[in-house]
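# Structural overview for review
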Amino acid sequence: MNWLNSEAFTLFGQRIIWSDMTGNVLGLITLALGWRRSLWTWPVQFLSGLVLFAAFYGHLTGSAGKQAVVMAVALYGWWQWQRTRNRSGDGQITPRFASWRERAAMVAAAGAGTVAVALLFQAYPSLSWDPWPDAYIFVGTIVAMYAQAKGMVEFWFAWLLVDLVGVPLNFANGYAFSGFVYVIYGALVLWGMRDWWLRSRKAARPALEGAPA
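Residues numbered from 1 in each chain as written. Predicted model: local features only at pLDDT ≥ 70, side-chain atom pairs only at ≥ 80, totals over all residues. Heavy atoms only, no water.

What follows covers unusual backbone geometry. If you check the backbone angles, Arg37 has positive phi at about 60 degrees while not being a glycine. Mapped onto the elements, Arg37 comes out in the loop between helix H1 (18-35) and helix H2 (41-56). Accessibility expressed as a relative area gives 5% for Arg37, which makes it buried. (Helix = DSSP H or I, 4+ residues; strand = E, 2+ residues; numbered from the N terminus. Buried < 20%, exposed > 50% of the residue type's maximum accessible area, 1.4 Å probe, protein only.)

Next comes the structure, spelled out in structure tokens:
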């Protein structure tokens, strides 16, 4: 898998390696499929994690481990959507807003998880170069994927919060290509958020008695 860590091209003076480019492109496809509520979002997410896992395995153990977690959550998301997708009239999942208890649980998990993972990264410096931002992005990604698996509109808000740190962090570290990809992520998140929001309101609206289905 050495070719995954070889240079694909140079952009803005930055060397773009095949694994970074492939992972980012698959990430964009994953988000677009999530917007469409397609079951294929999860296999593509798994493939993205697998590509990055193969690229990192053997020399960046921490990064490979993070991708293993992402792949596990992708499998859970596929299983969850497979179970619930036929409950709506169009054969896809029905977006919904999380309850206040679910929101509180996700915020608490994100906060505690970020602290725990950041402390782990600090204890083992080989796992991350920027422990706190890296932990925030990693845990935020897992929380967003979990909320997406549950069909919660809040998953888009979680992705947006991840982008707010991911974009400036990538530009600050000289990763202009990844930074621009995160900007595109942000645009897809806003469009997807609007679509899921409207669909959740439509699904929650009670049908008028006697109205045609």
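That covers the picture; the talk isn't over yet.
Our next topic: the confidence of the model for the protein chain. When pLDDT is averaged across the protein chain, the result is 80; 77% of the residues are at 70 or more. A low-confidence stretch, residues 206-213 stays under pLDDT 50, and its non-local contacts, those more than four residues away or across chains, total zero contacts. (pLDDT = per-residue confidence, 0-100. Contact = heavy atoms within 4.5 Å.)

Before going further, it helps to spend a moment on the pattern of salt bridges. According to the stated counting rule, one finds three salt bridges in the structure shown. Close ionic contact of Arg96 with Glu102 constitutes a salt bridge, the shortest N to O distance being 3.0 Å. Residue classification places Arg96 among the partly exposed residues on the basis of a relative accessible area of 31%. Residue Glu102 is classed as partly exposed on the basis of its relative accessible area, which comes to 25%. (Salt bridge = Lys/Arg side-chain N within 4 Å of Asp/Glu carboxyl O.)

On to the nonpolar core. Counting 39 residues, the largest nonpolar core has Leu31, Met145, Trp156, Trp159 and Trp196 as the members making the most contacts within it. Going through the elements one at a time, H1, helix H3 (61-84), helix H4 (100-123), helix H5 (131-149), helix H6 (154-172) and helix H7 (176-204) are the ones with two or more residues in this core. Trp156 has contacts with Leu31, Gly34, Trp35, Leu188, Val189, Gly192, Met193 and Trp196, leaving out every residue within four places of it along the chain. (Core = buried A, V, L, I, M, F, W, Y, C linked by side-chain atoms within 4.5 Å.)

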